[in-house]
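The residues making up each chain are set out below.
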Amino acid sequence: MRPRLDLYPGYDVLAKRDGPSWNAKTREVLEERLAIGPETRRFFDEAEWSTMTALAERIVPQPADRTDAVPVAALVDHKLATDTRDGYRNAELPEQREAWRRGLCALDAESRARFGARFHELGAWAQDALLKLAEAGELTDAAWAGMPSKLFFHKRVLSDVVKAYYAHPTAWNEIGWGGPASPRGYVRMDFDRRDPWEAAEAKPGREDEAYEENLRVGR
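Throughout this description, residue numbers start from 1 for each chain and increase along the sequence as written. Where totals are concerned, whole chains, interfaces and linings use all residues; where local detail is concerned, this predicted model gives features only for residues with pLDDT of at least 70, and gives and counts side-chain atom pairs only at 80 or more. Computation of side-chain values: all heavy atoms of the structure, hydrogens and water removed.

Considerations on the nonpolar core
Nonpolar side chains tend toward joint burial in soluble globular proteins. Working definition of a nonpolar core: buried Ala, Val, Leu, Ile, Met, Phe, Trp, Tyr and Cys residues. They are joined through side-chain atoms within 4.5 Å. Categorising residues by exposure relies on relative accessible area from a 1.4 Å probe, with only protein chains included: less than 20% of the type maximum marks a residue as buried, more than 50% marks it as exposed, and the intermediate range marks it as partly exposed. One finds Phe44, Met52, Leu55, Trp100 and Val161 to be the most contacted residues of the largest nonpolar core, which totals 41 residues. Per the convention used, a helix needs a DSSP run of H or I reaching at least four residues, while a strand needs a run of E reaching at least two, with both numbered from the N terminus. Mapped by element, the contributors of at least two residues to this core are α2 (46-59), α3 (72-81), α4 (96-115), α5 (124-135) and α6 (149-165). For this core, the element with the highest residue contribution is α6, accounting for seven residues. Working rule for contacts: check all heavy atoms of both residues, and any pair within 4.5 Å makes them a contact. Setting aside its immediate chain neighbours within four residues, phenylalanine 44 contacts Trp49, Met52, Ala73, Val76, Asp77, Leu80, Trp100, Arg101 and Leu104.

Listed below in structure tokens is the structure:
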């Protein structure tokens with residue numbers, strides 16, 4: 001039975017796993033990411049994990065029926081557990097591990113003060129209301145300890161969560177990306193042209209054609 005129609009129907013970037021598109025290092029990195037399950041946790045404590053999970057669900061909500069959901073919270077946890085840094089940071093923010101611990105604690109403190117419950121216990125509308133205030137820099141509870149909520153939201157939450165999401169093959173399938181093209185590389189760089197190992201976008205009236213073509217990509 002054909003899967004539900006999407007922008008790149010039939011496309012699975014992991015079909016390239018053993019082909020010429022990826023080198024050994026790319027495969028190694030992908031295997032590491034794929035080994036991280038949704039409940040994999042080494043850095044966050046239990047309270048932080050509940051808040052982190054709820055936060056990730058608001059920043060990058062995923063389809064409820066997705067069977068291979070991106071483990072966003074776990075990927076952020078992995079980054080912090082391995083202390084993988086960006087190589088730069090805003091001088092008004094502490095280093096990333098401290099920023100995350102302080103920020104999650106502060107979100108819970110703001111949530112209790114305004115709604116009488118922790119962040120993960122709130123409904124989506126209340127969570128979004130708090131995040132909009134953080135985005136605007138209007139959260140100022142003492143738990144922030146001088147860290148601007150606006151910078152935490154833009155430089156840590158958006159940056160780390162969105163990068164975690166788009167580092168995963170599930171997201172690559174969603175946007176039709178083929179992953180790092182090493183050693184193969186990309187050749188057809190002109191507008192609306194693609195290499196034969198790239199995903200075919202479903203054009204109106206030609207969805208079945210794209211589906212059949214994507215089943216062959218990477219093979």
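We are not done yet, so read on.
Here we look at the side chain of aspartate 108
Within the secondary structure layout, aspartate 108 lies in helix α4. For aspartate 108, a relative accessible area of 6% gives the class buried. Leaving out residues up to four positions away in the same chain, aspartate 108 has contacts with Thr51, Ala117, Arg118 and Phe119.

Examining a nonpolar patch on the surface
Residues Val162, Tyr166, Ile175, Trp177, Tyr186 and Met189 make up a contiguous nonpolar surface patch of about 550 Å² in total accessible area. Within the secondary structure layout, tyrosine 166 lies in the loop between α6 and α7 (169-175). By relative accessible area, which is 40% here, tyrosine 166 ends up partly exposed. Every patch collects residues that have over 30% relative accessible area and no salt bridge, joining them within 9 Å if they carry like charges and within 5 Å if they are nonpolar side chains (Val, Leu, Ile, Met, Phe, Trp, Tyr). Accessible surface area values rest on a Shrake-Rupley calculation with a 1.4 Å probe, where residue burial reflects the displayed protein chains alone. The working definition used for a salt bridge is a side-chain nitrogen of Lys or Arg within 4 Å of a carboxyl oxygen of Asp or Glu.

Describing the packing of aromatic side chains
Working definition: a ring pair exists when centres of Phe, Tyr or Trp rings (six-membered ring for Trp) sit within 6.5 Å. Plane angles under 30 degrees give stacked, over 60 give edge-to-face, the rest tilted. Summed over the entire model, instances satisfying the criterion amount to eight aromatic pairs. Relative to tryptophan 172, the ring of tryptophan 22 has its centre 6.4 Å away and its plane inclined at 80°; by these criteria the two rings are edge-to-face. Of this pair, tryptophan 22 sits in the segment before α1 (24-34) while tryptophan 172 sits in helix α7, placing them 150 residues apart in sequence. Tryptophan 172 shares its class with tryptophan 22; the two are buried. Centroid distance phenylalanine 44 to tryptophan 100: 6.4 Å. Interplanar angle 75°. Geometry classified as edge-to-face. Of this pair, phenylalanine 44 sits in the loop between α1 and α2 while tryptophan 100 sits in helix α4; the two residues are 56 residues apart in sequence, bridging distant segments of the chain. The same class applies to phenylalanine 44 and to tryptophan 100, which are both buried. Among the aromatic residues, those joined into a cluster by ring pairs are Phe43, Phe44, Trp100, Trp144 and Phe152. Between arginine 101 and the ring centre of phenylalanine 43, over which it is positioned, the NZ or CZ distance is 3.9 Å. Note on criteria: charge over ring means Lys NZ or Arg CZ within 6 Å of the ring centre, with the direction from the centre no more than 35 degrees off the ring normal.

A few points about the packing of α3 against α4
A fitted line through C-alpha atoms serves as each axis, taken over the contacting stretch for helices, and the angle formed by two N-to-C directions is quoted from 0 to 180°. Look at α3 against α4: their axes get within 9 Å of each other, and the N-to-C directions meet at 135°. Overall, the two elements α3 and α4 adopt an arrangement that is oblique. As α3 packs across α4, the resulting crossing turns out to be left-handed. For the pair α3 and α4, the contacting residues are Val76, Lys79, Leu80 and Ala81 in the first and Gln96, Arg97 and Trp100 in the second. Here the residues of the contact of α3 with α4 sort into four nonpolar, one polar and two charged. Just so you know how the angles are binned, under 35 degrees is roughly parallel, over 145 roughly antiparallel, 65 to 115 roughly perpendicular, and the rest oblique. Handedness of a crossing follows from how the near helix is turned relative to the far one, being left-handed for an anticlockwise turn of less than a right angle and right-handed for a clockwise one. Throughout, the ten residues Ala, Val, Leu, Ile, Met, Phe, Trp, Tyr, Cys and Pro are labelled nonpolar, Asp, Glu, Lys and Arg are labelled charged, and all others, Gly among them, are labelled polar.

Brief notes about the side chain of lysine 79
With respect to the helices and strands, lysine 79 occurs in helix α3. Using a relative accessible area of 16% as the deciding quantity, one classes lysine 79 as buried. Ignoring anything within four residues of it in the chain, the contact list for lysine 79 reads Thr84, Asp86, Gln96, Arg156 and Asp160.

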